[in-house]
Amino acid sequence: MPTENETAVRRFYEALATGNTALVDGVLAADWEAVPAMRTGPGPDGWKKSIDHLRGVFSGLTVTIEHLVESGDMVAVRSVGHGVHVGELLGIEGTGAEVDFRASDFHQLAGGRIVRTWHLEDYFGIARQLGLEFTRGA
């Protein structure tokens, strides 16, 4: 049986996977902090804007939790998103390419709500899938 913390964290990803931003208010604390800070703004409203943005960038967006580990007030998640690149991302207009993007998150919870999330995403992997070339500098 999932714990209250696990259920909250799973709903965090469900909101992204489905676009149902109403789920956000039930899982994030009003003063939720994203580390690093999101360009879409702070708190639950910032996450809702990020969800809308990502669902506009990736058509058919899916999110799969590959691993979830809970310890005390912390829940760690390794996830993979998948979608078709249709909107601007990293300065690149939609390419129509299918893209997988991996992320690792550490969520701190209090009272059944996420109060802080540390996020690390594989932007290098995304950029390569979108056709960006990287070369060594001199």
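Up top you'll find the structure we're talking about.
Quick caveat, the model's predicted, so the values are computed rather than measured.

Draft legend 1. Summary view of the pairing of strand 3 (residues 74–85). Looking at chain direction, strand 2 (residues 58–71) and strand 3 are connected through 11 bridges and run antiparallel. Bridge pairing links Ser 71 to Met 74 in strand 3. The loop that links strand 2 with its antiparallel partner strand 3 comprises 2 residues; one of these, Gly 72, has a positive phi angle of about 60°. Sheet topology places strand 3 next to strand 4 (residues 98–110); 11 bridges connect them, and they run antiparallel.

Draft legend 2. How the structure looks around the environment of Gly 19. Here Gly 19 shows up in the loop between helix 1 (4–18) and helix 2 (24–27). When the C-alpha positions of Gly 19 and Leu 54 are compared, they lie 9.5 Å apart, and in sequence the two are 35 residues distant. Once you skip the residues sitting within four places of it in the chain, Gly 19 turns out to touch Glu 14, Ile 51 and Arg 55.

About the thresholds
- Residues numbered from 1 in each chain as written.
- Predicted model: local features only at pLDDT ≥ 70, side-chain atom pairs only at ≥ 80, totals over all residues.
- Heavy atoms only, no water.
- Pairing = 2+ DSSP bridges.
- Helix = DSSP H or I, 4+ residues; strand = E, 2+ residues; numbered from the N terminus.
- Contact = heavy atoms within 4.5 Å.

On their own, these measurements won't tell you what the molecule is for.
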